[in-house]
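# Coordinate inspection notes
Below, each chain spelled out in residue letters.
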Amino acid sequence: MATVTQTEGRPSAAALSQTAPAIELRGISKAFGAVQANKDISIRVERGTIHGIIGENGAGKSTLMSILYGFYKADAGDILIGGTKTDIPDSQAAIRAGIGMVFQHFKLVENFTVLENVVLGAEEGAFLRPSLAKARRLLVDLAREYELNVDPDAKIEDLGVGMQQRVEILKALYRQADILILDEPTGVLTPSEADHLFRILRGLRDEGKTIILITHKLREIMDVTDNVSVMRRGEMTATVKTAETSPTELAELMVGRKVLLRVDKTPAQPGPVVLKVENLRVTDENGVERLRSINLEVRAGEILGVAGVAGNGQSELLEVLGGITEATGTVTLNGHPLQLSGPESDGRSRRQAGIAHVPEDRHRLGLILDFTAWENTGFGYQDRPDYTNGALMNQHALRTDTEGKMERFDVRPANCWLHAKSFSGGNQQKIVLAREIERNPDLLLVGQPTRGVDIGAIEFIHQRLIELRDAGKAILLVSVELDEIFALSDRIAVIFDGRIMGERTPDQTDETELGMMMAGMDGKAR
Amino acid sequence: MDYATLIQLLDSTLRLATPLLFACLAGLFSERAGIFDIGLEGKMLAAAFFSAAAAAMTGNVWIGLLAGTAASLSLAALHGLASITFKGNQLISGVAINFLASGLTVLVGQTWFQLGGRTPSLTGPSRFQEITLPFADALEPVPVIGPLYATVLSGHTILVYVGLLAVPVTWYILFRTRFGLRLRAVGENPGAVDTAGVSVVRLRYSAVLICGLLCGLAGAYLSTGLSAGFVKEMSAGRGFIALAALIFAKWRPWYALSACLLFGLLEALGNRFQSLEILGVTLPTQFMQALPYILTVVILAGFVGKAIPPRAGGEAYAKER
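As annotated in an unreviewed UniProt entry, chain B carries the name ABC transporter permease and comes from Meridianimarinicoccus aquatilis. UniProt annotates chain B under Subcellular location (unreviewed entry) with the comment "Cell membrane".

Naming follows an unreviewed UniProt entry, where chain A appears as ABC transporter ATP-binding protein of Meridianimarinicoccus aquatilis. Listed in UniProt under the heading Sequence similarities (unreviewed entry), the comment for chain A reads: "Belongs to the ABC transporter superfamily." Recorded in UniProt under Subcellular location (unreviewed entry), the annotation for chain A is "Cell membrane".

### Some words on the packing of helix α2 (residues 40-58) of chain B against helix α11 (residues 238-248) of chain B
Residues and elements named next belong to chain B. Where α2 meets α11, the closest approach of the two axes is 7 Å, and the angle between their N-to-C directions is 135°. Classified by the interaxial angle, the pair formed by α2 and α11 is oblique. Considering how the two elements wind past one another, α2 and α11 form a crossing that is right-handed. Contact with α2, carried on its side by Leu40, Glu41 and Met44, involves Arg238, Gly239, Phe240, Ala242 and Leu243 of α11 and no other residues of that element. Here the residues of the contact of α2 with α11 sort into 5 nonpolar, 1 polar and 2 charged.

### A short note on the domain arrangement of chain A
Residue and element names in this part refer to chain A. Splitting chain A by domain gives domain 1 (13-255) and domain 2 (273-365 + 442-525). Distance between the C-alpha centres of domain 1 and domain 2: 33 Å. Across the contact, 15 residues belong to domain 1 and 14 residues belong to domain 2. Elements supplying a minimum of two residues to the side of domain 1 that touches domain 2: α8 (218-224) and α9 (247-255). Looking at the side of domain 1 that touches domain 2 element by element, the count peaks at 6 residues for α9.

### A look at the confidence of the model for chain A
When pLDDT is averaged across chain A, the result is 87; 94% of the residues are at 70 or more. Taken together, the stretch residues 1-17 of chain A has pLDDT below 50 and engages in 14 contacts with residues farther than four places along the chain or on a different chain.

### Some words on the interface of chain B and chain A
How large an interface is tends to be reported as the accessible area lost when its parts come together. Contact with chain B, which involves 19 residues of that partner, is made by 22 residues of chain A. Residue assignment for the side of chain B that touches chain A shows that the elements contributing at least two residues are α8 (178-188) and α9 (190-195) of chain B. Per-class residue counts for the side of chain B that touches chain A are 6 nonpolar, 5 polar and 8 charged.

Cut-offs applied
- Sequence order as written defines the numbering, with residues in each chain counted from 1.
- Think of it this way: whatever chain is written first is A, whatever ligand is written first is 1, and the rest follow in order.
- Owing to the predicted nature of the model, reporting of local features is limited to residues with pLDDT of at least 70; listing and counting of side-chain atom pairs is limited to 80 or more, with chain, interface and lining totals taken over all residues.
- UniProt positions are given in the numbering used here, feature names are shortened, and annotations may be inferred rather than shown by experiment.
- Here an angle of 0 to 180 degrees is reported between the N-to-C directions of two axes, which are lines fitted to C-alpha atoms, with helices fitted over the stretch in contact.
- Secondary structure elements are taken from DSSP: a helix is a run of H or I of four residues or more, a strand is a run of E of two residues or more, and numbering for both begins at the N terminus.
- Here is the rule for angles: anything less than 35 degrees is roughly parallel, anything more than 145 is roughly antiparallel, 65 through 115 is roughly perpendicular, and the remaining ranges are oblique.
- Whether a crossing is left-handed or right-handed is set by the direction in which the near helix is turned from the far one by less than a right angle, anticlockwise for left-handed and clockwise for right-handed.
- A pair of residues counts as a contact when their C-beta atoms, built from backbone coordinates, are separated by no more than 7 Å.
- Ten residue types, Ala, Val, Leu, Ile, Met, Phe, Trp, Tyr, Cys and Pro, are classed as nonpolar, four, Asp, Glu, Lys and Arg, as charged, and the remainder, Gly among them, as polar.
- Each domain's limits were defined by an automated method or a database of domain assignments.
- pLDDT runs from 0 to 100 and stands for how confident the predictor is about each residue.

And the structure:
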């Protein structure tokens, strides 16, 4: 039981329940197949505080919160709400327990009004009119109290993301949530919208609500939270008072001191500039700027590593260069400008220009899983003369070529008739890599080359990338794994919120500094 | 065309629009909840057969109606099982139901009645009787209004009036009740419904069963109201026409009424005028009778404005992070 601090002298039952933590998790574990997403997690979230949970992508933050909101069932462990052990099998139970959740991807009905979204699932009775009237009154009150102004009759699809997020918060408050969980709430917001959100959150806290803020941005944690818990690789590594910690300490706890993967390599022999990117900008369909004036250069015979927490623009960078997303700005390859919009900006034109692309998500962009290995090794190059026979596909050439590639890249099993989905992650990646590297590109774009790949294959893939570099090719590497960035890069550019925060060479910097830059803090300021 | 002809034309428009209207509203409930249903046709056909068969055997049209509705509901439950519980492909399930109904009705019909897949002709209480609305006879002599009331509005079977009443009722349920709000939400974003603590599965099953009920009424009307007995393939593509009407109506109940009346009018025109001379060109019978189908193609090809279907339509709901 919690110690009674504020109410010393009169420890009534009410005071006791008042000071019991809003949420306590004891020994929560959750595995998806062989992946342990949460390992024996225990945490106490005090009532009336803003509690930050910070960690890299894939650290298990979202899984933990999904368990708390009844989306997943934990394999082991207990959830205590206000000191009482509570079972949360579904969202309904979470709502009853007073938990409200603002998902990273909003759960709103686009063509409904704000009012309709707020009452959905929490209607007063079988008929809508009284529910809508009540919600309208409540919305007016909440708007006054917490600066949560939203036009109740506006359609969601006509609102900006900041407004949509307010609707999500209003939904939770309408359901009388005492505990509000926000998953990466500022990912889609402009800085001023984010400031406004934090004002709202502080107001809610001062009213006695408990807020859990999940983020990977250190600055937000330092600005707005009272306590902070750090997650790393499915484990809760520490819980500290925000006032008693520093960004540097948090960055260390978040990234951890991992054993570096060593790759034997000689110093790079950079040649002429192959890729030059100037003032590159991308705005997504919601009007949010994903890339804000990116400038960088990659020379022949060097690897430029782009480090960053996923979702900060590195995917968009690869997609623009790979001919998937349109952008504005200037990009030149060996001095020749590339089209960034229009029909000449597609993947085929990029390949003809000499760019090969190993995409971040091989299942979505790199392979067609239901097609055979030999079909997959032809994609993107299926119209090259050596794969065609007039208007027909030269299947024999494709298969022979695939067999050679499988042997050279040690793809197992070396059977070109197997469907892409029947290979392991590492072998799938080798198929993509073989396809892209063996065309002898001037520039290789490679995203998360070893995501979901076993140790042996990681080494092999790293070795191949170094060989390609030594053959005088330019490589742009995007990875969220700092180890990999350190092991492969000759120069490291850190991307945060669509901007390059700075460039370092691996021997000038360390993981702590990069971790801080990745979290939006200026590394030099420490 | 004289006034008497026009009145007759409108009268038969209303009759012919009724099965379309039931089917269209059935599809509206299902698709608004995110479940595509191209099995309207099959459900209608099965209901038509079992209504006629039960009515023929018992001599009571109400038992016929019950049997037909039960048949349609079973097929609807099957569609629900395939597309909601087992997350199967909704189009394929619908196609399967159409084939099942098409074969089953003829096979069972032949086994039971030995009339080549027909049911015996229905007479008297084994068929829905025409209802004369109050004062119809008294008002008939009044010019213009009289025939409109006495012939067009009065003198239909109960199901025609139920169909007309179903339009405002559907509108009210959809836009003024909690169930309607949730139903529309689940067709747009089931994730929002799920996280709001409402069961997606239960909502979608309700919608599919309402769809089954309405298809049952459509089928029963076909064989025991519009005609006097079941004949092979008597739904004649009306389920598909109803789907076209649904798209034309942009998934809205009042528009659905207008769309169905339009299709009914075209069918009535085809029946009334075996050939029509326009500007010296004689349109053949076949063309006249093909009118509703031609309009269907035109609508489905997207010539009539842009219709935005429910956004989560056709997709099974799976929880994600």
